[in-house]
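What the coordinates show
Next come the chains, spelled out residue by residue.
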Amino acid sequence: MIAAATRLFGEHGYAAVSTTAVADAAGVTRGALYHHFADKGELFADVYETLERDLLTRAGKMLEERSGDGVADALLATVEMLLDACLEPATVQILLRDAPAVLGWARWREIGMRYGLGLIEASLNAGIEAGELRRAPVRPTAHAMLGAFDELALWVANSDDPSGARDEASETMRLLIDDLRRAPEDASGAA
């Protein structure tokens, strides 16, 4: 049901998809759908959370795979991958257009933070411990980075020129991450 709902919500948007259409696409009855989900909103919430979790799992794997490049470069590569996702129609429709409206801003942010904030905090801590990133208060810095990324993702998704906006968003995130790099004169340990 989640796969069928994801495809339909991604192609047509939340408002245009009925539970009957989801049930038909999944090959189940509406009764079976309502056995698992209280209503269309809860089905959508599960679709959103599944996509968010999958995207952040990919981000975590990218950070791990690129860790040999250094934390800042691994973060930048991960940002690039996430910004590329902002050009995928289903990601845009479900994660960036419908989710804030259907789930409400608070729930949308709570789910996004549940998956993204810890990943950013762990990366910042690793970079500070390795001496690659300057010492900064990790929790507020992670919140600032996640907030900046979320706003840029929304901007890309709603731009008249998503590809151009994606490139500008990438440059903006690069500037933010580069500012966290430890300057050569800081390498002695001075903060």
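On a predicted model such as this, the values are computed, not experimentally measured, just so you know.

1. With respect to the overall build of the protein
Tallying secondary structure elements over the protein gives nine helices and zero strands in all. What you see in the protein, going N to C, is helices and strands ordered as α-α-α-α-α-α-α-α-α. The buried share of the protein, taken over its 191 residues, is 46%. Pairs at least 24 apart in sequence give 67% of the contacts found in the protein among residues at least 6 apart. By element, 53% of the accessible surface of the protein is carried by carbon and sulfur atoms, the whole surface being about 9,500 Å². Put simply, the protein has 18 plus and 31 minus side-chain charges, and the middle of one group is 4 Å from the middle of the other.

2. A word on the side chain of Q93
Here Q93 shows up in helix α6 (residues 89-103). On the accessibility criterion, Q93 (19% relative accessible area) is buried. Among residues more than four places away in sequence, those in contact with Q93 are F9, G10, G13 and D98.

3. Comments concerning the packing of helix α5 (residues 71-85) against helix α9 (residues 162-180)
Their axes nearest at 10 Å, the elements α5 and α9 cross at an angle of 160 degrees. In terms of their interaxial angle, α5 and α9 are classed as roughly antiparallel. Handedness of the α5/α9 crossing: right-handed. Here A72, L75, L76, V79, E80, L83 and D84 of α5 lie close against α9, whose contacting residues are R166, A169, S170, M173, R174, I177 and D178. The residue makeup of the contact of α5 with α9, split by class, is eight nonpolar, one polar and five charged.

4. A look at α9
In this model α9 runs 27 Å from its N-terminal to its C-terminal C-alpha over 19 residues, within 8% of the 27 Å that 1.5 Å per residue would give. Among the residues making up α9, those that are buried are A165, R166, A169, S170, M173, I177 and L180. Down the axis of α9, the smallest arc covering the buried residues is 145 degrees, so these residues share one side. Among the exposed residues of α9, those pointing more than 90 degrees away from its buried face are L175 and D179. Those residues of α9 that are buried lie in contact with α5, α7 (105-129) and α8 (138-157).

5. Re the packing of helix α1 (residues 2-12) against helix α4 (residues 40-65)
The N-to-C vectors of α1 and α4 enclose an angle of 90 degrees; their axes lie 10 Å apart at closest approach. The orientation of α1 relative to α4 falls into the category roughly perpendicular. Note on element contacts: α4 touches α1 through K40, L43, F44, D46, V47, T50 and L51, opposite I2, A5, T6 and F9. Of the residues contributing to the contact of α1 with α4, the split by class is seven nonpolar, two polar and two charged.

6. Thoughts on the environment of E49
Relative to the assigned elements, E49 resides in helix α4. The spatial distance from the C-alpha of E49 to the C-alpha of L75 is 22 Å, given a sequence separation of 26 residues. Beyond its immediate sequence surroundings of up to four residues, E49 is in contact with I111, R114 and Y115. Among the polar contacts listed, one links the side chain of E49 to the side chain of Y115, at a separation of 2.8 Å.

7. A closer look at the nonpolar core
Counting 58 residues, the largest nonpolar core has F9, F44, Y48, L96 and L124 as its most contacted members. Elements supplying a minimum of two residues to this core: α1, α2 (19-26), α4, α5, α6, α7, α8 and α9.

Thresholds applied
- Residues numbered from 1 in each chain as written.
- Predicted model: local features only at pLDDT ≥ 70, side-chain atom pairs only at ≥ 80, totals over all residues.
- Heavy atoms only, no water.
- Helix = DSSP H or I, 4+ residues; strand = E, 2+ residues; numbered from the N terminus.
- Buried < 20%, exposed > 50% of the residue type's maximum accessible area, 1.4 Å probe, protein only.
- Contact = heavy atoms within 4.5 Å.
- Areas by Shrake-Rupley, 256 points an atom, 1.4 Å probe, with all protein chains shown as cover.
- Lys, Arg positive; Asp, Glu negative; His and termini not counted.
- Charge placed at Lys NZ, Arg CZ, Asp CG, Glu CD.
- Axes fitted to C-alpha atoms, helices over the stretch in contact; angles between N-to-C directions.
- Parallel < 35°, antiparallel > 145°, perpendicular 65-115°, else oblique.
- Left-handed = near helix turned anticlockwise from the far one by under 90°.
- Nonpolar A, V, L, I, M, F, W, Y, C, P; charged D, E, K, R; others polar.
- Expected span 1.5 Å × (residues − 1).
- Arc of directions from axis to C-beta.
- Polar contact = N/O pair within 3.5 Å; in protein donor to acceptor, adjacent residues only side chain to side chain.
- Core = buried A, V, L, I, M, F, W, Y, C linked by side-chain atoms within 4.5 Å.

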